[in-house]
Amino acid sequence: MALESELVIPHSAQDIIEAYADRDFNEHLSKKVGAKLLSFEVVGPLDGPFEIVTEQSMSAEKLPEIAKKVIKGEVTVRVTHSWGAPDEAGSRRADTAVKIASAPVSAQSAQNLHVRGASETLSTVRGDVNVSIPIVGKKIKAAAEPYMRKFVDLQAREVSAWISSRG
């Protein structure tokens with residue numbers, strides 16, 4: 001497993017879901033990582049199974065050094081979060097697929113939002129990066145893993161700050 005993260009977010013799972021499904025939050029998060037949100041779509045009601053599909057564009061200069069050797073210019077990243085319906089306690093699970101257009105690089109992860117009270121949620125994320133580039137693929141994968149961890153941590157901090165600022 002390339003990524004394993006557990007973070008406590010001091011907000012309800014429902015508040016986190018509502019932020020994740022907010023276009024303004026996604027614009028904000030994209031800017032934080034140096035990307036531009038190209039498209040954003042929520043498919044389905046937030047109280048049941050639904051998907052959030054985004055596309056962002058960023059400069060290849062934002063990628064790890066080893067990746068910059070094989071990926072040039074602007075890259076487009078498509079992210080699909082497939083959220084399940086909440087369980088009786090309100091906990092949720094998402095399967096996430098990430099695909100970099102025009103590059104044989106993708107990632108998959110699972111995120112669980114475990115309700116730990118009215119205003120505390122344990123977020124667990126587990127995922128892996130797949131790189132199908134001969135010779136340097138393993139090096140790109142190894143370089144991408146710390147970026148994934150940083151993004152997961154940033155997302156948790158930013159969703160918490162976002163919810164607090166609107167509270």
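One structure accompanies this document, and this report is about it. Starting afresh in each chain, residues are numbered from 1 along the sequence in its written order. Note on the predicted model: pLDDT of at least 70 is required for a residue's local features to be given, and 80 or more for side-chain atom pairs to be given and counted; whole-chain, interface and lining totals, by contrast, use all residues. To get the side-chain values, all heavy atoms of the structure are used, and hydrogens and water are removed first.

### Regarding the nonpolar core
Judged by nonpolar contacts, the single largest core of 23 residues is most densely connected at L63, I71, V75, V105 and V129. Elements are defined by DSSP. Helices are runs of H or I of four residues or more, strands are runs of E of two residues or more, and each kind is numbered from the N terminus. If one sorts the elements of this core by residue count, helix 4 (residues 137-166) sits on top with four residues. By size, the runner-up hydrophobic cluster in this structure holds 21 residues, among which are I17, F25, A94 and I163. Residues grouped as a nonpolar core are buried Ala, Val, Leu, Ile, Met, Phe, Trp, Tyr and Cys residues, joined through side-chain atoms within 4.5 Å. To sort residues, take the accessible area from a 1.4 Å probe on protein chains only and compare it with the maximum for the residue type: under 20% means buried, over 50% means exposed, and anything in between is partly exposed.

### Some words on the packing of aromatic side chains
Each pair of aromatic rings taken from Phe, Tyr and Trp, with Trp reduced to its six-membered ring, is defined by centres within 6.5 Å and is described as stacked if the planes are under 30 degrees apart, edge-to-face if over 60, and tilted in the remaining cases. Counted under the stated rule, the structure contains three aromatic pairs. Ring centres of Y20 and W83 lie 6.0 Å apart, and the angle between their planes is 35 degrees; on these two criteria the pair is classed as tilted. One end of the pair, Y20, is in helix 1 (residues 13-20); the other, W83, is in strand 4 (residues 74-83), and 63 residues separate them in sequence. One exposure class covers both Y20 and W83, and it is buried.

### What to know about the environment of S165
Among the structural elements, S165 can be located in helix 4. Classification of S165 as exposed rests on a relative accessible area of 52%. Put simply, S165 and L29 are 136 residues apart on the chain and 15 Å apart in space, counted from C-alpha to C-alpha. Among the polar contacts made by the side chain of S165, one reaches the main-chain carbonyl oxygen of W162 at a distance of 2.8 Å. For the purposes of these results, a polar contact is taken to be a pair of N or O atoms within 3.5 Å, where, inside protein, one atom must be able to donate a hydrogen and its partner to accept one; residues adjacent in sequence count only when each atom of the pair is a side-chain atom.

### Examining the sheet that holds strand 3 (residues 50-59)
As summarised here, the arrangement of the seven strands in space is 1-7-6-5-4-3-2, forming an open sheet in which the pairing is antiparallel. In this open sheet, the two strands that pair with only one neighbour each are strand 1 (3-9) and strand 2 (35-43). Averaged over neighbouring strand pairs, the angle between their axes works out to 15 degrees when direction is ignored. At least two DSSP bridges between two strands are required for those strands to pair. Across seven bridges, the pairing between strand 4 and strand 5 (residues 92-100) is antiparallel. By the bridge assignment, S82 is partnered in strand 5 with D95. Each of strand 2 and strand 3 is contacted by helix 2 (residues 23-32), which is oriented at about 150 degrees to strand 2, the strand it contacts most. Residues count as neighbours in contact if any of their non-hydrogen atoms are within 4.5 Å of one another. Throughout, an axis means a line fitted to C-alpha atoms (over the contacting stretch in the case of helices), and angles, computed between N-to-C directions, take values from 0 to 180 degrees. Lying over the sheet, helix 4 contacts strand 1 and strand 7 (121-131), oriented at roughly 10 degrees with respect to strand 1.

### A closer look at the packing of helix 2 against helix 4
Where helix 2 contacts helix 4, the axes come no closer than 11 Å and their chain directions differ by 135 degrees. Considering their axes alone, helix 2 and helix 4 lie oblique with respect to each other. Where helix 2 crosses over helix 4, the handedness of that crossing is right-handed. Taken together, the residues of helix 4 that come into contact with helix 2 (itself represented by D24, F25, H28, L29 and K32) are F151, L154, Q155, E158, V159 and W162. Under the scheme applied here, ten amino acids are nonpolar (Ala, Val, Leu, Ile, Met, Phe, Trp, Tyr, Cys and Pro), four are charged (Asp, Glu, Lys and Arg), and all others, including Gly, are polar. Considered class by class, the residues forming the contact of helix 2 with helix 4 number six nonpolar, two polar and three charged. Oblique is the label for any angle not covered by the other classes, which are roughly parallel (under 35 degrees), roughly antiparallel (over 145) and roughly perpendicular (65 to 115). For any helix crossing, the convention is left-handed if the near helix is rotated counterclockwise from the far helix by under a right angle, and right-handed if that rotation is clockwise.

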